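The chain contents come next:
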Amino acid sequence: MPTFDWIVVGNGLTGAALSYELAKQGASVLLLERSASPDNATRYTYGGVPHWSGHTALLRQLYRESLARYTALPDETGVAHHYRELDLLLTVEPGQDPQALAQRYAAVETPPVPITAAEAQEREPYLNPAAIAGALTVRHGHVDPAALVKAYNHGLQDAGGQIIIATVTGLVRMGDRLTGVTTPTQAYAAGQVVVAAGGLTRELIKTAGVKVPVYFSHAEVVETPPLDWQLRSLIMPADLTRSAIESESSRDDTHSWWDEPGHELRPPMLDSGCVQFPDGRLRIGQISRINTALEPALDAAQGEQRLRHGIEPLVPALAAVPGQWHACRVAFSEDGLPLAGPIPGLQGGHVFSGFTSPFGLVPAVAAHFARWANGQDSDILSATRPGRWVTDEASHES
Ligand SMILES: Cc1cc2nc3c(=O)[nH]c(=O)nc-3n(C[C@H](O)[C@H](O)[C@H](O)COP(=O)(O)OP(=O)(O)OC[C@H]3O[C@@H](n4cnc5c(N)ncnc54)[C@H](O)[C@@H]3O)c2cc1C
């Protein structure tokens, strides 16, 4: 049976970054991904890097370190990921107070500054100033997610790692130890296994009889074909509902619902926004839905109509552009910090998931994880360890 130091499951942003960083530390690594062109969250993301948004010393350090990783990666891997800086325009709805919304961001490293609707339109000519009471703005990072995954994959293979397209059907457990994984055609053995399977992370780890507190939302977006226009900014609401629904949906009284498919914990929320990628495609988002089913029944036509109605007043030129509706799962944790490290009670088992703002944090945390795996102490891994809830896990996760 093929044997590796590390098996990483999932080739979204998290698995791609971690598998590369582990191989860079000299480990033999197998990256398993179920699809050759995955329909995952990394595929439909905006790709924003909110390096300005750290509100704790830990987050500020990680954002800084991620920027350093973005600078180094093209040389290390030989693949460009098109990192750039653009204006983030956080739109303020009519009736909302821009100053009051600005206060919510007061504790971050570089708080976005309030500007008038006319100033917002000067920065982004496609924006309709009549639809907003103003905006908050800050310089924001942006990366091409497909190119970033390609860069990490290239680096992994250059360092001797392997990528195999196969669905991991289960984790192999012998006593208290994980010894590998199974796929429909083959078993693979490894000293260490890490699950970086995005919204499917929780489900896959359950095959080893363990529950980890990582959850998922369902996101809906419209993606356009390459368009011959130049949207300059990333547009999102200043009053973002997504973060609020995540914290409310992982409360103590809802923990058991995550093992009973079909609970809709909050009505679907719309955060209207858009961004354009270097190849000319735009993503128009975003509906977020917390439903504990892995495959809830989603109405594509209704979702697309809601997304288009949401963006139309803000960016009228987007109302009629061609586009295709897509949905994906997005992993999150209950305290906004990722789960990165060993799974309690399961030797050789690890998780790397549940990131908020993963494009800002994953490059740094993956490098810390890999150095920790190579024997170095890490304060970062202490903060992200999946066992940090271990005292109350017995009540809500066993
Ligand atoms: C509309 C939208 C906008 C966003 N904007 C931003 C943003 O601006 N900035 C930001 O930081 N984040 C943003 N996010 C969030 C971010 O995109 C995701 O959290 C991130 O891409 C998730 O990466 P991942 O590796 O955890 O999961 P995924 O990208 O979902 O990858 C998980 C992979 O695991 C594979 N997998 C699962 N199960 C198995 C199995 N059993 N066997 C083999 N493979 C398996 C899947 O096929 C998949 O490829 C946004 C998300 C959306 C939807």
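The numbering scheme is per chain: residues are counted from 1 as the chain's sequence reads. Predicted model: local features are reported for residues with pLDDT of at least 70 only, side-chain atom pairs are reported and counted for 80 or more only, and whole-chain, interface and lining totals are derived from all residues. Neither water nor hydrogens contribute to the side-chain values; these are computed over all heavy atoms in the structure.

## Observations concerning the pattern of salt bridges
Reasoning step 1: Put simply, a salt bridge is a Lys or Arg side-chain nitrogen that is within 4 Å of an Asp or Glu carboxyl oxygen. Inspection of every chain in the model, using the stated rule, returns 21 salt bridges.
Reasoning step 2: Measuring nitrogen to oxygen at the nearest pair gives 2.7 Å for the salt bridge that ties D239 to R104. Within this pair, whereas D239 is found in the loop between β12 (234-237) and α8 (241-248), its partner R104 is found in helix α4 (residues 98-104), the two being separated by 135 residues in sequence.
Reasoning step 3: Residue class for D239 comes out partly exposed when judged on its relative accessible area of 28%.
Reasoning step 4: Overlapping salt bridges, with partners in common, bring together R202, E203, K206, K211 and D259 in one network. By definition, any uninterrupted DSSP run of H or I lasting at least four residues is a helix, any uninterrupted run of E lasting at least two residues is a strand, and each is numbered from the N terminus. Accessible area is worked out with a 1.4 Å probe on protein chains only. A residue is then buried under 20% of its type maximum, exposed over 50%, and partly exposed in between.

## Digging into the packing of helix α1 (residues 13-24) against helix α6 (residues 145-158)
Reasoning step 1: At a closest axis distance of 8 Å, the pairing of α1 and α6 adopts a crossing angle of 25°. In terms of axis orientation, α1 runs roughly parallel to α6. For the pair α1 and α6, the sense of crossing is left-handed. Here L13, A16, A17, S19, Y20, E21 and A23 of α1 lie close against α6, whose contacting residues are L148, V149, Y152, N153, G155 and L156.
Reasoning step 2: Polarity classes work like this: nonpolar for Ala, Val, Leu, Ile, Met, Phe, Trp, Tyr, Cys and Pro, charged for Asp, Glu, Lys and Arg, and polar for all others, with Gly in that last group. Of the residues assigned to the contact of α1 with α6, the class counts are nine nonpolar, three polar and one charged. Fitting a line to C-alpha atoms yields each axis, with helices limited to the stretch in contact; the angle taken between N-to-C directions then spans 0 to 180 degrees. When describing relative orientation, an angle under 35 degrees is termed roughly parallel and one over 145 degrees roughly antiparallel, while 65 to 115 degrees is termed roughly perpendicular and anything else oblique. In this scheme the crossing of two helices becomes right-handed for a clockwise turn of the near helix relative to the far one and left-handed for an anticlockwise turn of less than a right angle. A contact between two residues is defined here by any heavy atoms of the two lying within 4.5 Å.

## Looking at helix α10 (residues 358-373)
Reasoning step 1: Among the 16 residues of α10, twelve are classified as buried, and the element is accordingly described as predominantly covered.
Reasoning step 2: Turning to α10, its buried residues number three or more, namely F359, G360, L361, V362, P363, A364, V365, A366, A367, H368, F369 and A370.

## Things to note about the state of the cysteines
Reasoning step 1: Note on terminology: pairs of cysteine sulfur atoms within 2.5 Å are recorded as disulfides. Under the defined criterion, the tally for this structure stands at zero disulfides.
Reasoning step 2: No disulfide involves C328; its sulfur sits 17 Å from that of C274, the nearest cysteine.

## Describing the site of the ligand
Reasoning step 1: Each residue is tested against the molecule or strand, and it is near if at least one of its non-hydrogen atoms lies within 4 Å. Around the ligand lies a shell of 34 residues, among which T14, E33, N40, T42 and F359 are the nearest.
Reasoning step 2: A distance of 3.3 Å is found between an oxygen atom of the ligand and a backbone nitrogen or oxygen belonging to L13.
Reasoning step 3: Calculation on the ligand without its partners gives an accessible area of 1,000 Å², and the protein chains cover 92% of this total.
Reasoning step 4: With three residues, the top contributor of residues to the shell around the ligand is helix α2 (residues 41-44).
Reasoning step 5: Taken together, the residues that form the shell around the ligand break down as 19 nonpolar, 13 polar and two charged.
Reasoning step 6: Shared between two domains, the shell around the ligand takes at least three residues from each, and those domains are domain 1 (3-80 + 145-213 + 335-396) and domain 2 (85-141 + 215-333). Between N or O atoms, a polar contact is any pair within 3.5 Å; within protein, one atom must be a potential hydrogen donor and the other a potential acceptor, and residues adjacent in sequence are included only when both atoms are from side chains. All accessible-area figures derive from a Shrake-Rupley calculation using a 1.4 Å probe, and residue coverage is judged against the displayed protein chains alone. Start and end points for every domain follow an automatic or database-based domain assignment.

## Describing the packing of aromatic side chains
Reasoning step 1: Aromatic pairing here means that ring centres of Phe, Tyr or Trp (its six-membered ring) are within 6.5 Å. Orientation follows from the plane angle: under 30 degrees is stacked, over 60 is edge-to-face, and everything else is tilted. Summed over all chains, the structure comprises twelve aromatic pairs.
Reasoning step 2: Arranged with centres 5.9 Å apart and planes meeting at 40°, the rings of Y215 and F332 form a pair that is tilted. Within this pair, whereas Y215 is found in strand β11 (residues 214-223), its partner F332 is found in strand β15 (residues 324-333), the two being separated by 117 residues in sequence.
Reasoning step 3: Accessibility expressed as a relative area gives 1% for Y215, which makes it buried.
Reasoning step 4: Centre to centre, the rings of F352 and F369 are 5.7 Å apart; their planes meet at 85°, and the pair counts as edge-to-face. Of this pair, F352 sits in strand β17 (residues 349-353) while F369 is found in helix α10, placing the two residues 17 residues apart along the sequence.
Reasoning step 5: A residue is classified by how much of its surface remains accessible, and F352, at 0% relative accessible area, is buried.
Reasoning step 6: The buried category is assigned to F369, whose relative accessible area is 0%.
Reasoning step 7: An aromatic cluster is present here, built from W6, F352, F355, F369 and W372 joined pairwise through their rings.
Reasoning step 8: Here R283 stacks its cationic end above the ring of F277, 4.1 Å away from the centre of that ring. As a reminder, the over-ring test applies to NZ of lysine and CZ of arginine, requiring each to be within 6 Å of the ring centre and within 35 degrees of the ring normal.

## Section: the domain arrangement of the chain
Reasoning step 1: For the chain, the assigned domains are domain 1 (3-80 + 145-213 + 335-396) and domain 2 (85-141 + 215-333).
Reasoning step 2: Centre-to-centre, using C-alpha coordinates, domain 1 lies 26 Å away from domain 2.
Reasoning step 3: The interface of domain 1 with domain 2 comprises 38 residues on the first partner and 42 residues on the second.
Reasoning step 4: Two parts placed together each lose some accessible area under a 1.4 Å probe, and the buried area is that loss summed for both. In this assembly, domain 1 packs against domain 2 so that about 3,000 Å² is buried in total across both faces, 55% of it on carbon and sulfur atoms.
Reasoning step 5: Three residues stand out in domain 1 for area buried against domain 2, namely Y44, Y46 and W52, and they jointly supply 32% of the buried area on that side.
Reasoning step 6: Between domain 1 and domain 2 we count five salt bridges in total.
Reasoning step 7: Among the ionic pairs, D259 bridges to R202, the shortest N-O distance being 3.3 Å.
Reasoning step 8: Summed over the shared surface of domain 1 and domain 2, the result is 21 residue pairs in polar contact (both at pLDDT 80 or more).
Reasoning step 9: Listing elements by their share of the side of domain 1 that touches domain 2, those giving two or more residues are α2, β3 (48-49), α3 (57-77) and α7 (201-206).
Reasoning step 10: Among the residues forming the side of domain 1 that touches domain 2, the class breakdown is twelve nonpolar, 15 polar and eleven charged.

## A look at the pairing of strand β10 (residues 187-195)
Reasoning step 1: Inspection of the sheet shows strand β1 (residues 3-9) paired to β10 by six bridges, in the parallel sense. Bridge pairing links V9 to V195 in β10.
Reasoning step 2: When DSSP finds two or more bridges between a pair of strands, those strands are recorded as paired. The pairing of strand β9 (residues 177-182) with β10 spans three bridges and is antiparallel. Looking across to β10, one finds that V181 is bridged to Y188.
Reasoning step 3: Linking two consecutive strands that pair antiparallel, namely β9 and β10, is a turn of four residues.
Reasoning step 4: Both β10 and β17 contribute to a ladder of three bridges, which runs parallel. Across the sheet, V194 pairs through a bridge with H350, a residue of β17.

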